[in-house]
Amino acid sequence: MSVSPALADLSRLYQTEFVRSARAVGVLWAVCTLCFAIIQVVVLVQPSWIGTTETRHQGAGPVPPSGTLGLFEVCVESDWPVPDCRGRLSSLSPLPSFQSVAVLVGVSLWAVWTSVLCLCLFRFCSAATVYKICAWLQLTAGFCLALACLLFPDSWESPEMRALCGDSVGSFSPGNCSVHWAYILAILGILDAAILATLAFVLANRQDALLPPDAKEVTTGLLMSA
């Protein structure tokens, strides 16, 4: 099929100006996706979703425990340098009160790592298709993580929370405890997933939107040969 000179010039302009910038943004997006996947692992395994606040003990009663709590473990400070942790991450058995939260975080972790593995599809599929697949996976990860962050405070009225934070705990009331960095990191992960998914959709749409329909075939050939 013969290509008009104007169409060829337009395709070359598309390649030199847009493709280079799109590749740079795409690399940045891929690196941020990998960082988000690592953050998801940290959020799932770290027992630092809730921790006791520093309060002065007054009275002759027993000293309240000091420690942190996660989805799989409750760690209480002891006389040893290493805290005394109850629960085992290796058994993949979350604390009874946080099983639904752990499942949602696990699904979110699966979705974001699947999007990382889908980066290999750039060798076999069109860039727009890969970006859209990854965007939907990242939206799924963010949605599951948002549900987990909403359900976690609702599960605070549990034996593990009462033992660590006192009898004043309740749903959305941490008692003598406060949220720690792992829970805050999970909330930031929701924002990260939304930004990455939006950027992936933008990159996918820009692959086809900048050229007229009769130029897409020529541009695709130039992209494959670049």
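Notes on the structure follow.

Basis of the calculations
- Residues numbered from 1 in each chain as written.
- Predicted model: local features only at pLDDT ≥ 70, side-chain atom pairs only at ≥ 80, totals over all residues.
- Heavy atoms only, no water.
- Helix = DSSP H or I, 4+ residues; strand = E, 2+ residues; numbered from the N terminus.
- Expected span 1.5 Å × (residues − 1).
- Buried < 20%, exposed > 50% of the residue type's maximum accessible area, 1.4 Å probe, protein only.
- Core = buried A, V, L, I, M, F, W, Y, C linked by side-chain atoms within 4.5 Å.
- Contact = heavy atoms within 4.5 Å.
- Disulfide = S-S within 2.5 Å.
- Phe/Tyr/Trp six-rings, centres within 6.5 Å; stacked < 30°, edge-to-face > 60°.

## Structural notes on helix H2 (residues 99-117)
- Helix length check: H2 (19 residues) gives 27 Å between terminal C-alpha atoms against 27 Å at 1.5 Å per residue, within 8%.
- Every buried residue of H2 is accounted for by Val-101, Ala-102, Leu-104, Val-105, Ser-108, Leu-109, Ala-111, Val-112, Thr-114, Ser-115 and Val-116.

## Focus: the nonpolar core
- Of all hydrophobic cores here, the largest spans 29 residues; its most connected members are Trp-49, Leu-69, Leu-71, Phe-98, Val-105 and Phe-152.
- When contributions to this core are tallied by element, the ones reaching two or more residues are helix H1 (5-45), strand S3 (74-76), H2, helix H3 (127-154), helix H4 (159-165) and helix H5 (181-209).
- The leading source of residues in this core is H2, at five residues.
- With near-sequence residues (within four places) excluded, Phe-152 lies in contact with Trp-49, Ile-50, Leu-69, Leu-71, Phe-98, Val-101 and Tyr-183.
- In terms of nonpolar packing, the next biggest core, distinct from the first, is built from 19 residues, Ala-111, Val-112, Val-130 and Leu-137 among them.

## Digging into the state of the cysteines
- Counted under the stated rule, the structure contains one disulfide.
- The disulfide that involves Cys-165 links it to Cys-177, with 1.8 Å between the sulfurs. Every disulfide takes its handedness from the sign of the S-S torsion; for Cys-165 and Cys-177 that torsion is -100°, giving left-handed. Within this pair, whereas Cys-165 is found in helix H4, its partner Cys-177 is found in strand S5 (residues 177-179), the two being separated by twelve residues in sequence. This pair shows no difference in class: Cys-165 is buried, exactly as Cys-177 is.
- Left without a disulfide partner, Cys-125 is nearest to the cysteine sulfur of Cys-118, which lies 9.1 Å away.
- Owing to a relative accessible area of 36%, Cys-125 belongs among the partly exposed residues under this scheme.

## Focus: the side chain of Gln-138
- Summarising the element assignment, Gln-138 is placed in helix H3.
- When near neighbours in sequence (up to four residues on either side) are disregarded, Gln-138 contacts Trp-29, Thr-33, Ser-115, Ala-193, Leu-196, Ala-197 and Ala-200.

## Topic: the packing of aromatic side chains
- Under the definition given, this model contains eight aromatic pairs.
- With a centroid separation of 5.9 Å and 90° between ring planes, the pair formed by Phe-152 and Trp-156 is classed as edge-to-face.
- Relative to Tyr-183, the ring of Phe-152 lies with its centre 5.4 Å away and its plane at 35°, an arrangement referred to as tilted. With a gap of 31 residues between them, Phe-152 in helix H3 and Tyr-183 in helix H5 connect regions that are remote in the sequence. Judged on exposure class, the residue Phe-152 and its partner Tyr-183 are both buried.
- Taken together, the ring pairs connect Trp-49, Phe-98, Phe-152, Trp-156 and Tyr-183 into an aromatic cluster.

These figures come from the coordinates and say nothing about function on their own.
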